Amino acid sequence: QVQLVESGGGLVQPGGSLKLSCEASGNIFSINTMGWYRQAPGKERESVATVTGLGNSNYADSVKGRFTISRDDIKSGVSLQMNSLKPEDTAIYYCYADTRSVMRQYWGQGTQVTVSS
């Protein structure tokens, strides 16, 4: 089993930057893909950025060129550097991980990101 703990959410002005971090514990050697999802009020949860165990990353069109996902193998975690933030980025952001061999999905508790002037 895997546990995910997130940090780094907060309130920023449009055009500002924020970095989210997620640390995994438990059976960390079974983890394949890690990433970040978000859910805004009245909207469905959507994928923001993911990175596979082979190092391949994928971004939502709305964040390409602004967000960067990084995998930290030593600390068994993943981070999301968010630049040029927009009000439409406001959402609860969730850390995600899945495992290989036996496919299972895990979620963090979520952290609030608010972009407002």
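So, how was this worked out
- By convention here, each chain's residues receive numbers from 1 onward along its written sequence.
- Local features in this predicted model are restricted to residues whose pLDDT is 70 or higher, and side-chain atom pairs enter the listing and the counts only when it is 80 or higher, whereas totals over whole chains, interfaces and linings include all residues.
- Only hydrogens and water are set aside when side-chain values are computed; all heavy atoms of the structure are taken into account.
- The criterion is simple. A nonpolar core is a set of buried Ala, Val, Leu, Ile, Met, Phe, Trp, Tyr and Cys residues joined through side-chain atoms within 4.5 Å.
- In this scheme, a residue with accessible area under 20% of its type's maximum is buried, one over 50% is exposed, and one in between is partly exposed, where area comes from a 1.4 Å probe on protein chains only.
- Each helix corresponds to a stretch of at least 4 residues labelled H or I by DSSP, and each strand to a stretch of at least 2 residues labelled E; elements are numbered beginning at the N terminus.
- What makes two residues a contact is simply this: any of their non-hydrogen atoms within 4.5 Å.
- The pairing criterion is simple: DSSP has to find at least two bridges between the two strands.
- Only C-alpha atoms enter the line fits that serve as axes; for helices the fit covers just the stretch in contact. Angles between N-to-C directions range over 0 to 180 degrees.
- Put simply, a salt bridge is a Lys or Arg side-chain nitrogen that is within 4 Å of an Asp or Glu carboxyl oxygen.
- Only rings of Phe, Tyr and Trp enter the pairing, Trp through its six-membered ring, and a pair is recorded when the two centres are within 6.5 Å. The plane angle decides the type: under 30 degrees is stacked, over 60 is edge-to-face, the rest tilted.
- When the NZ atom of lysine or the CZ atom of arginine is within 6 Å of a ring's centre and also within 35 degrees of its normal, the charge is said to sit over that ring.
- In what follows, a disulfide is any cysteine sulfur pair within 2.5 Å.

K.L.:
Explain the nonpolar core to me, please; I cannot follow it from the model alone.
P.N.:
Looking at soluble globular proteins, one finds that nonpolar side chains tend to be buried together. Formed by 29 residues in total, the largest nonpolar core has its most connected members in Leu4, Met34, Trp36, Leu80, Met82 and Tyr93. Residue assignment for this core shows that the elements contributing at least two residues are β1 (2-7), β3 (18-26), β4 (31-39), β5 (46-51), β7 (67-72), β8 (77-82), β9 (91-99) and β11 (111-115). If we skip the residues at most four places from it in the chain, Tyr93 touches Glu6, Leu20, Trp36, Tyr37, Arg38, Val48, Phe67, Leu80, Met82, Gly110, Thr111 and Val113.

K.L.:
So what exactly am I meant to see when it comes to the sheet that holds β3 here?
P.N.:
Strand-to-strand pairing in sheets goes through backbone hydrogen bonds, with the strands running parallel or antiparallel. Spatial strand order, β1-β3-β8-β7: four strands in an open sheet with antiparallel pairing. If you trace the sheet from one side to the other, it starts and ends with β1 and β7, each paired once. Ignoring which end each strand starts from, the neighbouring axes of this sheet average 15 degrees apart. As defined by bridge partners, β1 adjoins β3 across six bridges and the pair is classed as antiparallel. Looking at the pairing, Glu6 lines up with Cys22 of β3.

K.L.:
Got a minute to help me understand the pattern of salt bridges in this structure?
P.N.:
One side chain can pair with another of opposite charge once the charged atoms of both are near each other. Across all of its chains, the model carries four salt bridges by this definition. A salt bridge links Asp89 to Arg38; the nearest nitrogen and oxygen atoms lie 3.0 Å apart. Of this pair, Asp89 sits in the loop between β8 and β9 while Arg38 sits in strand β4, and the two are 51 residues apart along the sequence. Across the pair, Arg38 and Asp89 agree in class, each one buried. Asp61 is the salt-bridge partner of Lys64, the closest N and O atoms lying 3.1 Å from each other.

K.L.:
Quick question: what am I supposed to make of the packing of aromatic side chains here?
P.N.:
The description of an aromatic ring pair uses the distance of the two centres, along with the angle that the planes make with each other. This model, assessed by the stated rule, comprises three aromatic pairs. Arranged with centres 5.0 Å apart and planes meeting at 75 degrees, the rings of Tyr37 and Trp107 form a pair that is edge-to-face. One end of the pair, Tyr37, is in strand β4; the other, Trp107, is in strand β10 (residues 105-107), and 70 residues separate them in sequence. Given the relative accessible area of 36%, Trp107 is considered partly exposed. Through pairs of rings, three or more aromatic residues link up here, namely Tyr37, Tyr96 and Trp107. Positioned over the ring face of Tyr94 is Arg45, at 3.8 Å from the centre of the ring.

K.L.:
Teacher, can you tell me more about the state of the cysteines here?
P.N.:
Disulfide: a covalent bond formed between the sulfur atoms of two cysteine residues. Taken as a whole and assessed by the stated rule, the structure comprises one disulfide. With its sulfur 2.1 Å from that of its partner, Cys22 forms a disulfide with Cys95. The sign of the -85 degrees torsion about the S-S bond sets the Cys22-Cys95 disulfide as left-handed. Here Cys22, found in strand β3, pairs with Cys95, found in strand β9; they are 73 residues apart in sequence, far enough to count as distant. Assessed through its relative accessible area of 5%, Cys22 is described here as buried.

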